[in-house]
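A closer look at the structure
Listed below, chain by chain, are the residues.
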Amino acid sequence: MTVAVLEAGARRALLKWFDANRRDLPWRPARPGARRDPYAVWVSEIMLQQTRVDTVVPYFTRFMDRFPTVRTLADAPRDEVLAAWSGLGYYRRARLLHDGARDVEDHHGGGVPSNPDALAGVPGVGPYTAGAILSLAFGQPAALVDGTVARVFSRWFVLADGGTKGRALTWELARAHVAVEADPARWNEALMELGATVCLPRSPRCGACPVSAHCAARAGGVEELHPRKVPRASVPTERLQALVARLRGRVLLGRRAEDARFGGLWEPPVVPAAGGTGAAGRNLSAAVGAPVTALEVAGTVTHVLTHRRLTARVFRGVVASRPLRARHPYEKWMWVDVRRLADVGVSTFARKLIERAS
DNA sequence: AACCCGGGGAC
DNA sequence: GTCCCAGGGTT
């Protein structure tokens, strides 16, 4: 497939704009063009999946401080990695990054692969992340397409960008552009920076855009119509019952199976609200495998995920400290000092449950 | 191709 | 409320 490429003058204008407007971010070298730690690029790119820069910054800094190398991450216990990810969301990213670090230690001598095929085999590294690592860390002319890059190309070339063919065309454009640039890292970052700060989804700042004169969408006044918006299905509500059981300043948490939502994280036991409030005692006793007594309603917590709205009735109650039974989705139980919650991998939903009962 | 997976910021 | 973010994996 042969595609058009933005003319050299326009590409140069974008690069000059980037040099002047480049944000200072902790995963970027202070000096443009300086060498980057491939591991740091890897960590940042995983964290940035579906997550805004401002949200990632503090997590990245803490994570790199705690796990400064592939080796330290590979050697770390799962619980500690998830604790470091706690609150960032999409926890599978953390599990896959951890698996990836172990894979790199075991099969690549501890060095992040610079070979595209090897990189593609690392858990959690998809087409975007592979392109980012190859170009940003290794200076290779690898293309990358994320939400912002797709939007920029969609507008520059007024693409009918829906479906598989649209995505393939966008990737082809990305490849064609990076192929004619001398500095792939600079080009790819400039593209993303433009999409993130100027070529915005709504009300793009075309007046501040270095390539607006070359933008087909701008010429036609259809910036807001690109990229094509996909209608979203309504989010179904899931009704739940949660038990916040306390014992001498500690709270009962179960670790969720890795194939479940919030996989690998700890939370107060949560069950489907079958049978209504009256059945809560039975439901929760079955979940922990021990009698739950002295149940009282503490309130309600609502938490919105991408595909579900969770509404949980929160109960305080008493559970004998043991025995507790491991039963799906809970693999293991422990009593945690509520002041040490920061050391445990806990979702924001779980945090809300505990907070509501306090 | 459709669906699943968190959380938050901007409007 | 809606949109969408430096996406990847599974079915």
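See the structure shown above.
A brief look at the structure comes next.

Reading the values: the criteria
- Residues numbered from 1 in each chain as written.
- Chains lettered and ligands numbered in written order.
- Predicted model: local features only at pLDDT ≥ 70, side-chain atom pairs only at ≥ 80, totals over all residues.
- Heavy atoms only, no water.
- Near = heavy atom within 4 Å.
- Polar contact = N/O pair within 3.5 Å; in protein donor to acceptor, adjacent residues only side chain to side chain.
- Nonpolar A, V, L, I, M, F, W, Y, C, P; charged D, E, K, R; others polar.
- Salt bridge = Lys/Arg side-chain N within 4 Å of Asp/Glu carboxyl O.
- Helix = DSSP H or I, 4+ residues; strand = E, 2+ residues; numbered from the N terminus.
- Buried < 20%, exposed > 50% of the residue type's maximum accessible area, 1.4 Å probe, protein only.
- Core = buried A, V, L, I, M, F, W, Y, C linked by side-chain atoms within 4.5 Å.
- Contact = heavy atoms within 4.5 Å.
- 1 Å grid on protein atoms, 1.4 Å probe; cavity = no way out; pocket = protein on both sides within 12 Å on 5 of 7 lines; lining within 4 Å.
- Points joined across faces, edges and corners; volume = space filled by probe spheres on them.
- Expected span 1.5 Å × (residues − 1).
- Phe/Tyr/Trp six-rings, centres within 6.5 Å; stacked < 30°, edge-to-face > 60°.
- Axes fitted to C-alpha atoms, helices over the stretch in contact; angles between N-to-C directions.
- Parallel < 35°, antiparallel > 145°, perpendicular 65-115°, else oblique.

We now examine the protein's contact with DNA strand B. In the region of DNA strand B, 20 residues are neighbours, and Tyr91, Thr164, His303, Thr306 and Thr348 sit closest. The protein-proximal atoms of DNA strand B, defined as those within 4 Å of the protein, are 50% sugar or phosphate. Interatomic distance of 3.0 Å between a backbone N/O atom of Gln50 and a base nitrogen of DNA strand B. Here the residues of the surface near DNA strand B are counted per class, giving six nonpolar, ten polar and four charged.

What follows is about the pattern of salt bridges. Throughout the structure, instances matching the rule amount to 20 salt bridges. A salt bridge links Glu193 to Arg28, with the shortest nitrogen-to-oxygen separation between them at 2.8 Å. Of this pair, Glu193 sits in helix 11 (residues 184–197) while Arg28 sits in the loop between helix 1 (8–21) and helix 2 (38–47), and the two are 165 residues apart along the sequence. Accessibility assignment for this pair places Glu193 and Arg28 in one class, buried. When the shortest N-O distance is used, the salt bridge between Glu267 and Arg256 registers 2.7 Å. Of this pair, Glu267 sits in strand 3 (residues 266–267) while Arg256 sits in strand 2 (residues 250–256), placing them eleven residues apart in sequence.

The next point concerns the nonpolar core. Grouped together as the largest cluster of nonpolar side chains are 111 residues, with contacts concentrated most on Tyr39, Trp42, Phe63, Trp156 and Leu194. With sequence-adjacent residues up to four places away left out, Trp42 is seen in contact with Val70, Leu97, Gly100, Ala101, Val104, Val112, Val122, Val125 and Ile133.

The next subject is empty space enclosed by the protein. Space left empty within the atom packing is revealed by a probe, the size of a water molecule, rolled over the atoms. Taken as a whole, this structure holds one cavity of 30 Å³ or more when the rule is applied. One number sums up the size of the largest cavity: a volume of about 100 Å³. Together, 13 residues line the largest cavity, and Arg155, Cys199, Cys206, Cys209 and Cys215 are the ones closest to its centre. Per-class residue counts for the lining of the largest cavity are eight nonpolar, one polar and four charged.

Take unusual backbone geometry next. That bond from His226 to Pro227 is cis: its omega, -5°, falls within 30 degrees of zero. Residue position: Pro227 is located in the loop between helix 12 (216–220) and strand 1 (237–247). For the bond from His328 to Pro329, the omega torsion is 5°, close enough to zero to count as cis. Along the chain, Pro329 falls in the loop between strand 6 (309–319) and strand 7 (330–337). For Phe262, which is not a glycine, the phi torsion comes out positive at approximately 55°. In this structure Phe262 comes out as buried when scored by relative accessible area, which is 11%.

In the neighbourhood of DNA strand C, 26 residues make up the surrounding shell, with Arg52, Arg92, Thr129, Asp146 and Arg151 lying closest. Sugar plus phosphate: this is where 60% of the atoms of DNA strand C within 4 Å of the protein reside. Separating a base nitrogen of DNA strand C from a side-chain N or O atom of Arg28 is a distance of 3.1 Å. Here a phosphate oxygen of DNA strand C sits 3.0 Å away from a polar atom, N or O, in the main chain of Gly126.

Right, let's get into helix 10 (residues 163–179). Because each turn of an α-helix spans 3.6 residues, side chains separated by three or four positions in sequence point in the same direction. Spanning 17 residues, helix 10 covers 25 Å between terminal C-alpha atoms, matching the ideal 24 Å at 1.5 Å per step. Within helix 10 the residues assigned to the buried category are Gly166, Thr170, Trp171, Glu172, Leu173, Ala174, Ala176, His177 and Val178. Contacts from the buried residues of helix 10 go to helix 1, helix 8 (127–137), helix 9 (147–156) and helix 11.

Moving on to the packing of aromatic side chains. If you walk through the whole model with that rule in mind, you get ten aromatic pairs. Taken together, a centroid distance of 5.5 Å and an interplanar angle of 90° make the contact between Phe153 and Trp156 edge-to-face. Remark: Trp156 and Phe153 occur in helix 9; sequence separation between them is three residues, near one turn of the helix. By relative accessible area, which is 0% here, Phe153 ends up buried. Summarising the aromatic geometry, the rings of Tyr330 and Trp333 are spaced 5.0 Å apart at their centres and angled 35° between planes, so their arrangement reads as tilted.

So, on to the layout of surface pockets. There is about 1900 Å³ of room inside the largest pocket. If you trace the largest pocket, you find 44 residues lining it, with Gln50, Asp146, Gly147, Thr148 and Arg151 closest to the centre. When residues of the lining of the largest pocket are traced back to their parent elements, those giving at least two are helix 3 (53–66), helix 8, helix 9, helix 10 and helix 11. The residue inventory of the lining of the largest pocket, partitioned by class, reads 16 nonpolar, eleven polar and 17 charged. By volume, the second largest pocket amounts to about 1200 Å³. Along its surface, the second largest pocket is lined by 34 residues, and Gly89, Tyr90, Leu305, Thr306 and His307 are the ones closest to its centre.

This part is about the packing of helix 9 against helix 11. At a closest axis distance of 8 Å, the pairing of helix 9 and helix 11 adopts a crossing angle of 80°. Viewed along their axes, helix 9 and helix 11 adopt a mutual orientation that is roughly perpendicular. Across from Thr148, Val149, Arg151, Val152, Phe153 and Trp156 in helix 9, the residues of helix 11 making contact are Trp187, Leu191, Met192, Leu194, Gly195 and Ala196. Here the residues of the contact of helix 9 with helix 11 are counted per class, giving nine nonpolar, two polar and one charged.

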